[in-house]
Amino acid sequence: MTTDALPTADRAYQHVRTRLLDGSWPGGTLLSEGVVAGELGLSRTPVREAFLRLQSEGFLRLYPKRGAQVVPIAPGEARDVLAARVLFEHAAIDALAARGPAALTAAAEELLAACEHRDPHPVEAGRHFHLTLLRAAGNPVLTSLYETLWDRQVRVSAAATATAAHAERDHAEHLALARALAVPDPAAARDLVTAHADSLLARVA
């Protein structure tokens, strides 16, 4: 289903949610129902519904007759989210290592292909790379839980992946991780996962 074919409230929700997650509207930004409705060519009603939904998810705080404010990332949230990401990715590497060198090198090939054919949008490129790692581990429960964490990961790291320089740094770190698995050297890969998260955290801070 295309975006235009979605119900108007869903269209408004996806539009606002995307801009919250990609860092277009950072914490503290005040959003106007009228402005967003004008951008989408909709009435205010579906935008109001979208704002209410995003408030329930913790992304917005509504103010009657003023609009909605983007909720700032809480102190410590970036650290907690990225720590959770490290745990998931270490578990994926350990699962691959337990299956032997062939599993590690096969995962490395998939990751190298993801780096070579990366999405031009940095956030989507990162999503594809990291989910490729999780899926390669062969644990659908782990992958599903990681996907539920992804939106929070994106939100806390969006500002740290917003520029071309940030995107290139992430790409270089992804390549290093893929090459470590190709050796294969799971211990080095684990260290690179930790370093990648630390790099993001330093840029967010």
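Above this note sits the structure.
Residues numbered from 1 in each chain as written. Predicted model: local features only at pLDDT ≥ 70, side-chain atom pairs only at ≥ 80, totals over all residues. Heavy atoms only, no water.

**Q** Pulling in residues and values, what's your account of the overall build of the protein chain?
**A** Tallying secondary structure elements over the protein chain gives nine helices and three strands in all. Counted from the first residue to the last, the protein chain has its helices and strands arranged as α-β-α-α-β-β-α-α-α-α-α-α. Taken over the C-alpha atoms alone, the protein chain extends approximately 60 × 35 × 30 Å along its principal axes. For the protein chain, the residues scored as buried account for 42% of the 205 residues in total. The protein chain carries 21 positive and 24 negative side-chain charges, and their two centres are separated by 8 Å. (Helix = DSSP H or I, 4+ residues; strand = E, 2+ residues; numbered from the N terminus. Buried < 20%, exposed > 50% of the residue type's maximum accessible area, 1.4 Å probe, protein only. Lys, Arg positive; Asp, Glu negative; His and termini not counted. Charge placed at Lys NZ, Arg CZ, Asp CG, Glu CD.)

**Q** So what about the sheet that holds strand 2 (residues 60-63)? Which residues, and what values?
**A** Across the sheet, three strands lie side by side as 1-3-2; this open sheet has antiparallel pairing. Unpaired on one side and paired on the other, strand 1 (30-31) and strand 2 mark the two borders of the sheet. (Pairing = 2+ DSSP bridges.)

**Q** Let's hear about the nonpolar core: which residues, and what values?
**A** One finds Val16, Leu20, Phe51, Leu60, Leu133 and Leu181 to be the most contacted residues of the largest nonpolar core, which totals 56 residues. Examining the composition of this core, we find that eight residues originate from one element, helix 4 (residues 77-98), more than from any other. Excluding anything up to four places from it in sequence, phenylalanine 51 contacts Val16, Leu31, Ser32, Glu33, Val36, Leu60, Leu62 and Ala68. (Core = buried A, V, L, I, M, F, W, Y, C linked by side-chain atoms within 4.5 Å. Contact = heavy atoms within 4.5 Å.)

**Q** I'd like a rundown of the pattern of salt bridges, residues and numbers included.
**A** Taken as a whole and judged by the stated rule, the model has 11 salt bridges. One salt bridge connects glutamate 89 with arginine 85, and the closest N-O pair in it is separated by 3.5 Å. Placement of the pair is glutamate 89 and arginine 85 together in helix 4, with a separation of four residues, close to one helical turn. The same class applies to glutamate 89 as to arginine 85, namely buried. The residue arginine 190 makes a salt bridge to aspartate 94 at a minimum N-O spacing of 2.9 Å. (Salt bridge = Lys/Arg side-chain N within 4 Å of Asp/Glu carboxyl O.)

**Q** Break down the packing of aromatic side chains for me, with residues and values.
**A** Considering all chains together, one arrives at two aromatic pairs under this definition. Ring centres of phenylalanine 88 and tyrosine 146 lie 5.7 Å apart, and the angle between their planes is 75°; this geometry places the pair in the edge-to-face category. You can see phenylalanine 88 sitting in helix 4 and its partner tyrosine 146 sitting in helix 7 (residues 140-157), a full 58 residues away along the chain. By the burial criterion, phenylalanine 88 is buried, and tyrosine 146 matches it. Their ring planes at 40° and their centres at 6.2 Å tell us that tyrosine 146 and tryptophan 150 sit as a pair that is tilted. (Phe/Tyr/Trp six-rings, centres within 6.5 Å; stacked < 30°, edge-to-face > 60°.)

**Q** Help me get a handle on the packing of helix 5 (residues 101-116) against helix 8 (residues 164-182), residues and values and all.
**A** Axis separation between helix 5 and helix 8 bottoms out at 7 Å; the angle between their running directions is 155°. As the angle between them shows, helix 5 and helix 8 are arranged roughly antiparallel. The crossing of helix 5 and helix 8 is left-handed. Residues Leu104, Thr105, Ala108, Leu111, Leu112 and Cys115 of helix 5 form the contact with helix 8, whose participating residues are His171, His174, Leu175, Ala178, Arg179, Leu181 and Ala182. (Axes fitted to C-alpha atoms, helices over the stretch in contact; angles between N-to-C directions. Parallel < 35°, antiparallel > 145°, perpendicular 65-115°, else oblique. Left-handed = near helix turned anticlockwise from the far one by under 90°.)

**Q** Tell me about helix 7, and name the residues and values.
**A** Taking 1.5 Å as the rise per residue, helix 7 with 18 residues should run 26 Å; its terminal C-alpha atoms sit 25 Å apart, in good agreement. Its maximal kink placed at leucine 149, helix 7 deviates by approximately 35°. Turning to helix 7, its buried residues are Leu142, Thr143, Tyr146, Leu149, Trp150, Gln153, Val154, Arg155, Val156 and Ser157. Against helix 1 (8-21), strand 3 (67-70), helix 4, helix 6 (122-136) and helix 9 (186-204) lie the buried residues of helix 7. (Expected span 1.5 Å × (residues − 1). Bend = angle between axes of the 7 residues up to and from the residue.)

**Q** So what's going on with the side chain of glutamate 77? Which residues, and what values?
**A** Mapped onto the fold, glutamate 77 is located in helix 4. Among the residues examined, glutamate 77 registers a relative accessible area of 17% and is labelled buried.

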